[in-house]
Amino acid sequence: MTDLDRAERPPSVRVAMPAAGAAGPLDGVALVTLDRPKVLNALDFALIAELTDALETLDRDPACRAVVITGSGERAFAAGADIRELAGQTPASLLADDHFHRWERIKRIRKPLIAAVRGFALGGGCELAMTCDLIVAAEDAQFGQPEIRLGVIPGAGGTQRLARAIGKAKAMEMVLTARPMGAREAAAHGLVTRVVAPEDTVASALELATEIAAMPPLAVIAAKQAVNRAEELSLDAGLEFERRSFYGLFASEDQKEGMAAFTEKRPATWKGR
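Criteria and thresholds
Residues numbered from 1 in each chain as written. Predicted model: local features only at pLDDT ≥ 70, side-chain atom pairs only at ≥ 80, totals over all residues. Heavy atoms only, no water. Helix = DSSP H or I, 4+ residues; strand = E, 2+ residues; numbered from the N terminus. Buried < 20%, exposed > 50% of the residue type's maximum accessible area, 1.4 Å probe, protein only. Contact = heavy atoms within 4.5 Å. Core = buried A, V, L, I, M, F, W, Y, C linked by side-chain atoms within 4.5 Å. Pairing = 2+ DSSP bridges. Axes fitted to C-alpha atoms, helices over the stretch in contact; angles between N-to-C directions.

Asks: Please explain the environment of Gln255 as it appears in this structure.
Replies: Counting through the fold element by element, Gln255 comes out in helix α13 (residues 253-264). Classification of Gln255 by relative accessible area gives buried; the value is 15%. Distance from Gln255 to Trp270, taken between C-alpha atoms, is 9.1 Å for residues 15 residues apart in sequence. If sequence neighbours within four positions are ignored, Gln255 has contacts with Leu249 and Phe250.

Following this line, the structure appears as structure tokens:
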């Protein structure tokens, strides 16, 4: 799909955020909605491009301190990739167009991303949820990597992130058999942060995001980076990274404010610097 084609079709991603400086229950939180309900929010290349652009814009916006990603409708967060679009690809077209690089750009978003999952999160939908930092799942949520039924394997991190999240044995079962995993089982294996009633999914994710958004912004970014490094580094290297980040925050105004507020027994006022 060309940029001209993208410009002519209706947007597939909706972004909602309170006006800058507005106080309230959603202060500092953006809600990003995948909006292709007729195809269960299937992730075609154009949607992923829109999503990447939206998240990078929010990442640069100081008024945004946390992001919730959800799918429109009640049946799916995202039911997978757009198979009709993928079916016509070749190794050369995939390499030349390199649409998959956007998944790495999403992972590099510094602000916390929270997936609010109702219904199906399959294939690319499961991979997108796992790219987020936390997952709030409805009791009707289903996670899975069914790509093997199509003669391929997960291509946007499914084999790697799933194994890190739930362990090799369970990940191997899901990838090799295409068996989906329900919300309760996913929570028991560490894939999901919390399980809620379906009608409470987005509200619960926004509540969690608002709680995070109330924390000092620089410390939140540093904490997210440090926890993510725990999957990538040895223990010694991870501890060194953590300690450097800890020391670095002592150059921030928020560290001075946080410790002063604690000793003075008053609420802290964060400036993000």
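The discussion continues.
Asks: How do you make sense of the nonpolar core when you look at a structure like this?
Replies: Soluble globular proteins tend to pack their nonpolar side chains together in the buried interior. One finds Leu34, Leu55, Val67, Phe77, Val117, Phe143 and Leu191 to be the most contacted residues of the largest nonpolar core, which totals 44 residues. In terms of residue count, the dominant contributor to this core is helix α2 (residues 45-60) (six residues). The next biggest cluster of nonpolar side chains, apart from the first, holds 15 residues, and it includes Ile114, Leu134, Val136 and Leu208.

Asks: Please clarify how the sheet that holds strand β1 (residues 13-16) should be interpreted in this entry.
Replies: Sheets are built from strands that pair by backbone hydrogen bonding, the pairs being arranged parallel or antiparallel. The strand order β1-β2-β3-β5-β7-β10 describes an open sheet built from six strands, whose pairing is mixed. Both outer strands of the open sheet, β1 and β10 (194-196), are each paired with one neighbouring strand and no more. Ignoring which end each strand starts from, the neighbouring axes of this sheet average 20° apart. Pairing of strand β3 (residues 66-71) with strand β5 (residues 113-117), which is carried by four bridges, proceeds in the parallel orientation. Across the sheet, Ile69 pairs through a bridge with Ala115, a residue of β5. Against the sheet, helix α10 (residues 201-213) makes contact with β2 (29-34), β3, β5, β7 (134-138) and β10, and its axis sits at roughly 165° relative to β5, the strand it touches most.

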